[in-house]
Structure formats: structure tokens, C-alpha cells
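# Results of the structural survey
Listed here are the chains, written in short residue letters.
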Amino acid sequence: AQSVTQPDIHITVSEGASLELRCNYSYGATPYLFWYVQSPGQGLQLLLKYFSGDTLVQGIKGFEAEFKRSQSSFNLRKPSVHWSDAAEYFCAVEDTGRRALTFGSGTRLQVQP
Amino acid sequence: GAVVSQHPSRVICKSGTSVKIECRSLDFQATTMFWYRQFPKQSLMLMATSNEGSKATYEQGVEKDKFLINHASLTLSTLTVTSAHPEDSSFYICSGGGGEETQYFGPGTRLLVL
């Protein structure tokens, strides 16, 4: 069965600093990978996705992620964090047979002024 | 992107009562929808797959008689929590789509059972 690991439960960065959130996955075939953001009490917003092709994918709000098959990773990056980026971030892998998502445990991002 | 709505957004009920949560795809048809549950400060866990016109498939450990799912049309799936108890209090989120179509998530329903 597939799984997703987000090693960092909580990360604090200063506004304007760069950000990298880690995600490792376990899946038998070529994965469909996603990053979602969830603000307090809100639903999930899709930041970006990887299905195939270019391993560096661009998303909304200035986020990007790089798929590295050799490392089974799909880390999320942003060059300059804004205070409004404070939220919970979830990495997910899709079971392409069932189309359901398996989520990582999430990383809570706090942004210091 | 596509829009998925959920109703109600928040519900408080007494222990032993049943609660119905609706999930609608507003601008696309979804033969399959998914129901997830999220406990406070935890990740989303898949509960069941809702299939239009057929029975839902439940994940291991999810009681199908407690969490009734009906997917009567291509735009509506409902989750009924029967005889709710305080331990059922959670954030319930539905989604539709998938594959290279991308899944779209509803805003969630917060259930509090007293």
C-alpha cells in the first residue's frame, strides 16, 4: 500500500525567507503527487500536482515542487515566504487504481514577522 | 477549478441522533466521490469511496452501518452518521474527480456530537 511521510511536523520561518517542506512517498508505480494547503477551519486548496513530464512543477502562490524518483521525494519550495502562507501543508499520493488520495501527516508552517 | 460544496458547514447534534452531510459537485459530474475524516491536528483519512448508482466501498475499520453513503446522482453524495456519539466528532471532507482530472475538495463539515 502507498504511504506518504512528512518528516517535519512544525516549521517556523521568517517572512521573506525561503521555504522547503519535505515529502517522501512509497508507491509501486509512477505516482500522481499533490501538495495541498489548509488554513485553519478551511478546506483544502490544491497548490500543485505532478502526473508526468517535467519533474519541476510550478504551482499557485509562487510555490514549486520537484519530483525526484531516485529519492522518492516531492519537496515543496518557495523562495520568499509571506505571512499569509502560514497554514498546514499536506503532501498526498493518488492511488491511480482507486483515485483516492493518501495524505501525509501534514506540516504546520508558522511565519515570523 | 471545479467546485465542490458541502452542507452543512457546521453541525452540532445530541448523542444518539443521526446527521446527514451533503456533498455536491457544482460544475462537473462525478461518478466517484470520496469521503475523508480529519481529527483535530491530524491528517485526512479516507473513509469510503462513493460510487454513483452502486454501493460505497469502505476502508478497513470504517463501519458501513454507522456511516451510510448514498450517491444517487452524478452531482450529489451524502454521508449520514447514524446514532452519532462524541467520538464521531470530526471534520468530514468530501472530494470528487481524480486521475489526471485532479480531485477537488469540499470546504468540509465540522461535526460536534454532545
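For the structure, check the block above.
Okay, so let's go over this structure.

Parameters at a glance
- Residues numbered from 1 in each chain as written.
- Chains lettered and ligands numbered in written order.
- Predicted model: local features only at pLDDT ≥ 70, side-chain atom pairs only at ≥ 80, totals over all residues.
- Heavy atoms only, no water.
- Salt bridge = Lys/Arg side-chain N within 4 Å of Asp/Glu carboxyl O.
- Helix = DSSP H or I, 4+ residues; strand = E, 2+ residues; numbered from the N terminus.
- Buried < 20%, exposed > 50% of the residue type's maximum accessible area, 1.4 Å probe, protein only.
- Disulfide = S-S within 2.5 Å.
- Contact = heavy atoms within 4.5 Å.
- Buried area = accessible area lost by both parts, 1.4 Å probe.
- Polar contact = N/O pair within 3.5 Å; in protein donor to acceptor, adjacent residues only side chain to side chain.
- Pairing = 2+ DSSP bridges.
- Axes fitted to C-alpha atoms, helices over the stretch in contact; angles between N-to-C directions.
- Phe/Tyr/Trp six-rings, centres within 6.5 Å; stacked < 30°, edge-to-face > 60°.

### Regarding the pattern of salt bridges
Enumeration according to the criterion identifies seven salt bridges over all chains in this entry. In this structure, the salt-bridge partner of arginine 77 of chain A is glutamate 66 of chain A, at a minimum N-O distance of 3.3 Å. Here glutamate 66 of chain A lies in strand E8 (residues 64-68) and arginine 77 of chain A lies in strand E9 (residues 73-78), a separation of eleven residues in the sequence. For lysine 66 of chain B, the salt bridge goes to aspartate 88 of chain B, with nearest N and O atoms at 2.9 Å. With a gap of 22 residues between them, lysine 66 of chain B in the loop between strand E6 (57-58) and strand E7 (67-73) and aspartate 88 of chain B in the loop between strand E8 (76-81) and strand E9 (90-97) connect regions that are remote in the sequence. Taken individually, lysine 66 of chain B and aspartate 88 of chain B each receive the classification buried, so the pair is uniform in this respect.

### Focus: the state of the cysteines
As enumerated under the stated definition, the model contains two disulfides over all chains in all. Across the disulfide from cysteine 23 of chain A sits cysteine 91 of chain A; the S-S distance is 2.0 Å. Measuring handedness by torsion sign, the sulfur bridge of cysteine 23 of chain A and cysteine 91 of chain A sits at about -65° and is left-handed. Separated by 68 residues along the polypeptide, cysteine 23 of chain A in the loop between strand E3 (19-21) and strand E4 (24-26) and cysteine 91 of chain A in strand E10 (residues 87-94) bring together distant segments of the chain. Two residues share a disulfide in this structure: cysteine 23 of chain B and cysteine 94 of chain B, whose sulfurs sit 2.0 Å from each other.

### Comments concerning the interface of chain B and chain A
Facing the 21 residues of chain B at the interface are 20 residues of chain A. Roughly 1,600 Å² is buried in total at the junction of chain B and chain A, and carbon and sulfur atoms are behind 51% of that figure. The interface formed by chain B and chain A contains zero salt bridges. Counting every contact that joins chain B to chain A gives five residue pairs in polar contact (both at pLDDT 80 or more).

### Description of the sheet that holds E8 of chain B
All names here are of chain B. Pairing is antiparallel in the open sheet, where four strands are placed in the order E1-E3-E8-E7. Two strands close off the open sheet at either side, each with one partner strand: strand E1 (4-7) and E7. Taking each pair of neighbouring strands and ignoring which way they run, the sheet shows an average axis angle of 15°. Across six bridges, strand E3 (residues 19-25) lies against E8 in antiparallel orientation. Across the sheet, the residue bridging to arginine 24 is leucine 76, located in E8.

### A closer look at the packing of aromatic side chains
Under the criterion given, the structure shown has 15 aromatic pairs over all chains. Between phenylalanine 34 of chain A and tyrosine 36 of chain A the ring centres are 6.1 Å apart and the planes differ by 25°, which places this aromatic pair in the stacked class. A relative accessible area of 0% places phenylalanine 34 of chain A in the buried class. Judged by its relative accessible area of 1%, tyrosine 36 of chain A is buried. Relative to phenylalanine 105 of chain B, the ring of phenylalanine 103 of chain A has its centre 5.9 Å away and its plane inclined at 70°; by these criteria the two rings are edge-to-face. Placement of phenylalanine 103 of chain A in strand E11 (residues 101-103) and of phenylalanine 105 of chain B in strand E10 (residues 103-105) is noted, with the two residues assigned to different chains. On the basis of relative accessible area, phenylalanine 103 of chain A is assigned to the buried category, the value being 8%. With a relative accessible area of 9%, phenylalanine 105 of chain B lands in the buried category. Among the aromatic residues, ring-to-ring pairing joins Tyr32, Phe34, Tyr36, Phe51, Phe90 and Phe103 of chain A together with Tyr36 and Phe105 of chain B into one connected group.

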